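The chain contents come next:
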Amino acid sequence: MWKNIVLLVLVIGVSSCGSKKTAMKSSNESKEVVLGNNETVSYKSLGNGVASISIQLYENNTFKFDFKSIPQPGTGEETVKISEKGTYTSDGSWKTLNFKNPKFSLAAIFDAQYASASDFKVIDEENVKINTAKNALPIWGVVCEKQ
């Protein structure tokens, strides 16, 4: 009986370790999006010790989102990389970004704890609205300045 319990714990432990790595890969659908040639709006993170973040919106209603965490010294953390492409729709200065089947949580990246309702709104697991009238957006607690 103890052998079965130990075996079960090992299987659960190994499978949970592997799931974290696959959760950070880009979705296949995002690779099919063809980005435009001209950026209309872009945001890039200011120098910080937490993450490098950028969002570029293109004239053909596509966007590219890049995120790379900066592990803190002595923590043993691994770098998290996210690179997604998608489409967006416009409603004035508000742009609704559609991440097709993202392999990460939009609510974790676009954390309302660090922003006001006038910065962005997470709609669901695949969509977030950003206010491009803002000169800076706090994404993951990092200030991203309009370029």
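Rules used in this analysis
Residues numbered from 1 in each chain as written. Predicted model: local features only at pLDDT ≥ 70, side-chain atom pairs only at ≥ 80, totals over all residues. Heavy atoms only, no water. Pairing = 2+ DSSP bridges. Helix = DSSP H or I, 4+ residues; strand = E, 2+ residues; numbered from the N terminus. Axes fitted to C-alpha atoms, helices over the stretch in contact; angles between N-to-C directions. Buried < 20%, exposed > 50% of the residue type's maximum accessible area, 1.4 Å probe, protein only. Core = buried A, V, L, I, M, F, W, Y, C linked by side-chain atoms within 4.5 Å. Contact = heavy atoms within 4.5 Å.

Enquirer: So what about the sheet that holds strand β1 (residues 39–45)? Which residues, and what values?
Expert: Strand order across the open sheet formed by nine strands is β6-β7-β5-β4-β3-β2-β1-β9-β8, with antiparallel pairing between neighbours. Each edge of the open sheet carries a strand with a single partner, namely β6 (120–122) and β8 (136–139). Taking the axes of each pair of neighbouring strands and ignoring which way they run, one obtains an average angle of 25° across the sheet.

Enquirer: Hey, could you go over unusual backbone geometry for me, with residue numbers and the actual values?
Expert: The phi torsion at Asn61 lies on the positive side, around 60°, for a residue other than glycine. One can find Asn61 in the loop between β2 (51–58) and β3 (62–69). Since its relative accessible area comes to 37%, Asn61 is described here as partly exposed. Phi at Trp140 takes a positive value of approximately 60°, unusual for a residue other than glycine. As for its placement among the helices and strands, Trp140 is situated in the loop between β8 and β9 (142–146).

Enquirer: So, the nonpolar core: which residues are in play, and what are the values?
Expert: Generally speaking, soluble globular proteins have nonpolar side chains that are buried together. Among the nonpolar cores identified, the biggest contains 24 residues, and Phe65, Phe99 and Phe110 are the most heavily contacted of them. For this core, the elements supplying multiple residues, two or more each, are β1, β2, β3, β4 (81–91), α3 (106–109), β7 (127–131), β8 and β9. Of all the elements, β2 adds the most residues to this core, at four residues. Setting aside residues up to four positions removed in sequence, Phe110 forms contacts with Ile55, Phe65, Phe99, Phe120, Val122, Val128, Ile130 and Ile139.

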